[in-house]
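Spelled out from the first residue to the last, the chains are:
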Amino acid sequence: MNAWRVEAPGPIGGGPLRMTAAPVPEPGPGEVLLKVRACAVCRTDLHLAEGDLPPKRRGVVPGHEVVGEVERLGPDAGDLRVGERVGVAWLRHTCGTCRYCRRGAENLCPFSQYTGWDADGGFAEYCVAPAPFVYRIPPRYDDVHAAPLLCAGIIGFRALRRADLPPGGRLGLYGFGASAHLAAQVAIAQGATVHVLTRSAQARQLALDLGAASAGDAAAAPPEPLDAAILFAPVGELVPVALAALDRGGTLAVAGIHLTDIPVLRYAEHLFQERSLRSVTANTRQDGRDFLTLAQDHPLQVTVSPYPLSAADRALADLAADRVRGAAVLTPEH
């Protein structure tokens with residue numbers, strides 16, 4: 001099979017990924033082999049390729065928003081069936097016994113493992129995944145439009161939960177890529193007023209097309225105080241900007257796995273009046289199930305930019321340069 005591997009992390013212009021030929025992997029106990037139908041491209045994949053997120057092992061295959069067809073079952077793979085369409089997301093394994101897993105916070109498990117970081121992911125024609133960590137795909141979405149739901153959608157949904165947006169509240173979204181454009185639709189469907197702040201003129205237009213009340217530059221002030229905000233852009237300089245835009249009691253959730261350094265915060269301006277600053281760490285499987293149920297019941301407009309698998313390096317370069325509208329999605333050429 002063809003597979004992209006992170007051979008030498010560094011600037012995307014230097015070609016840190018290499019297309020390789022590899023044997024089709026074998027599923028082990030409790031695992032399934034998937035024939036990849038589509039794999040969305042996440043900014044986390046870019047962080048991995050460029051070394052902001054140090055690879056767990058040399059030559060790992062990125063990609064953790066995988067839609068695939070079950071090709072083969074390992075022993076004890078549960079109730080999955082050959083030919084079934086399923087999805088693979090970022091969270092790949094948790095221990096199930098630590099204090100975090102026992103209290104329903106498996107995303108904080110110290111022994112957690114991740115698709116496309118600890119183990120090979122979906123920038124390939126086949127991939128293997130643990131059966132308990134795959135999802136059944138909402139039937140209303142085709143492969144290409146379902147793929148971004150598996151990280152962009154799930155993480156945006158988790159970030160909304162962490163932001164404590166009150167019913168009918170005012171939400172600010174800083175950065176408007178794959179995850180934010182789905183989170184915005186969920187919030188609007190739940191009755192929120194959404195204000196988008198992003199440097200990309202193309203993304204601002206998409207935000208307005210999807211129903212945002214306003215769309216301005218990332219460093220600008222929103223037209224009204226915010227009850228909650230989510231920072232999707234990996235830019236630490238926007239943390240004080242977003243905190244200052246919050247109303248009393250507001251919460252800022254930082255949704256990325258990587259963030260540049262945060263400037264000095266001034267207590268009175270940024271945190272007083274019970275403003276809160278929270279991080280978002282992966283997701284639980286229950287977050288994934290809840291979001292995919294919502295996505296089936298409330299149709300989302302998933303904006304995608306398709307690329308062939310052979311152009312994965314170009315998709316990452318376009319993502320780095322803000323040239324991707326919505327989510328980039330790779331489709332194997334078979």
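Coordinates for the structure precede this section.
Counting from 1, residues in each chain are numbered in the order their sequence is written. In view of the model being predicted, local features appear only for residues whose pLDDT reaches at least 70, and side-chain atom pairs are presented and counted only at 80 or more, with totals across whole chains, interfaces and linings using the full set of residues. With hydrogens and water excluded, all non-hydrogen atoms of the structure serve as input to the side-chain values.

Caption draft 1: Focus on the sheet that holds strand β14 (residues 246–254). Strands are treated as partners if at least two bridges between them are detected by DSSP. Helix and strand definitions here come from DSSP, where helices need a minimum of 4 consecutive H or I residues and strands a minimum of 2 consecutive E residues; each element is numbered from the N-terminal end. If you walk across this open sheet you meet the six strands as β12-β11-β10-β13-β14-β15, and the pairing is parallel. Where the open sheet ends on each side, the last strands, each with one partner, are β12 (214–216) and β15 (276–279). Put simply, the sheet's adjacent strands are angled 20 degrees from each other on average, direction ignored. Pairing geometry for β14 and β15, over four bridges, is parallel. Within β15, the residue paired with Ala-253 across the bridge is Arg-278. Residues are treated as being in contact if the distance between any of their heavy atoms lies within 4.5 Å. Note on method: axes are straight lines fitted to C-alpha atoms, helices fitted across the in-contact stretch only, with angles between N-to-C directions ranging 0 to 180 degrees. Helix α6 (residues 201–209) contacts β11 (193–197) and β12 of the sheet and is inclined by roughly 175 degrees relative to β12.

Caption draft 2: Geometry of the nonpolar core. Leu-149, Leu-173, Phe-176, Ile-230, Phe-291 and Leu-300 are the most contacted members of the largest nonpolar core, which has 51 residues in total. Dropping the residues within four chain positions of it, Phe-291 is found in contact with Leu-149, Gly-153, Ile-154, Phe-157, Val-186 and Leu-300. Only buried residues count toward a nonpolar core. Its members are Ala, Val, Leu, Ile, Met, Phe, Trp, Tyr and Cys residues joined through side-chain atoms within 4.5 Å. Three labels apply to residues, based on accessible area from a 1.4 Å probe with only protein chains included: buried if under 20% of the type maximum, exposed if over 50%, partly exposed otherwise in between. Grouped together as the second largest cluster of nonpolar side chains are 44 residues, Leu-17, Val-36, Val-88 and Leu-309 included.

Caption draft 3: Just the side chain of His-64, in detail. Summarising the element assignment, His-64 is placed in the loop between α1 (43–50) and β4 (66–73). Here His-64 falls in the buried class, since its relative accessible area comes to 0%. Distance and chemistry together define a polar contact, namely a pair of N or O atoms within 3.5 Å, with one atom able to donate a hydrogen and the other to accept it when in protein, and with adjacent residues in sequence counting only for side-chain atoms on both sides. Within polar-contact distance, the side chain of His-64 engages the side chain of Asp-45 at 3.4 Å.

Caption draft 4: The packing of aromatic side chains, seen in detail. For Phe, Tyr and Trp, rings pair up if their centres lie within 6.5 Å, where Trp contributes its six-membered ring, and each pair is then called stacked (planes under 30 degrees apart), edge-to-face (over 60) or tilted (otherwise). As enumerated under the stated definition, the model contains five aromatic pairs in all. Ring centres of Tyr-114 and Trp-117 lie 6.0 Å apart, and the angle between their planes is 35 degrees; on these two criteria the pair is classed as tilted. The exposure class assigned to Trp-117 is buried, which follows from its relative accessible area of 12%. Ring plane angle 50 degrees and centroid distance 5.6 Å describe the contact between Tyr-267 and Phe-272, whose orientation is recorded as tilted. Since its relative accessible area comes to 56%, Tyr-267 is described here as exposed. The partly exposed category is assigned to Phe-272, whose relative accessible area is 42%. Aromatic ring contacts, followed pair by pair, group Trp-90, Tyr-114 and Trp-117 into a single cluster. Comment: the charge-over-ring label is applied if NZ (Lys) or CZ (Arg) is within 6 Å of the ring centre and within 35 degrees of the ring normal. Lying over the aromatic face of Trp-117, Lys-56 brings its terminal NZ or CZ to 4.1 Å of the ring centre. One cation-aromatic arrangement involves Arg-99 over Tyr-100; the distance from NZ or CZ to the ring centre is 5.3 Å.

Caption draft 5: Structural context of the environment of Leu-171. Tracing the backbone through its elements, the reader meets Leu-171 in strand β10 (residues 170–174). It is 37 Å that separates the C-alpha atoms of Leu-171 and Glu-69, two residues lying 102 residues apart in sequence. Residues contacting Leu-171, with those up to four places away along its chain left out, are Leu-160, Leu-165, Ala-187, Thr-193, Val-194, His-195, Leu-226, Ala-228, Ala-229 and Ile-230.

Caption draft 6: Region of the structure containing α6. Of all the residues in α6, the buried ones are Ala-203, Leu-206 and Ala-207. What you see down the axis of α6 is that its buried residues fit within an arc of 105 degrees, all on one side. Of the residues in α6, the exposed ones pointing more than 90 degrees away from the buried face are Ala-201 and Asp-209. Packing partners of the buried residues in α6 comprise α5 (178–189), β11 and β12. Each C-beta atom gives one direction from the helix axis, and the arc is the one those directions make.

Caption draft 7: Examining helix α7 (residues 238–245) more closely. Burial analysis of α7 places six of its eight residues in the buried class, the great majority of the element. Among all positions of α7, only Leu-238, Val-239, Pro-240, Ala-242, Leu-243 and Ala-245 are buried. Looking at the buried side of α7, the elements it contacts are β10, β13 (226–231), β14, α8 (267–271) and β15.

Caption draft 8: Structural context of the pairing of strand β16 (residues 304–308). Taken together, the five bridges between β16 and strand β17 (residues 327–331) define a ladder with parallel strand orientation. Residue pairing across strands places Pro-306 opposite Val-329, the latter belonging to β17.

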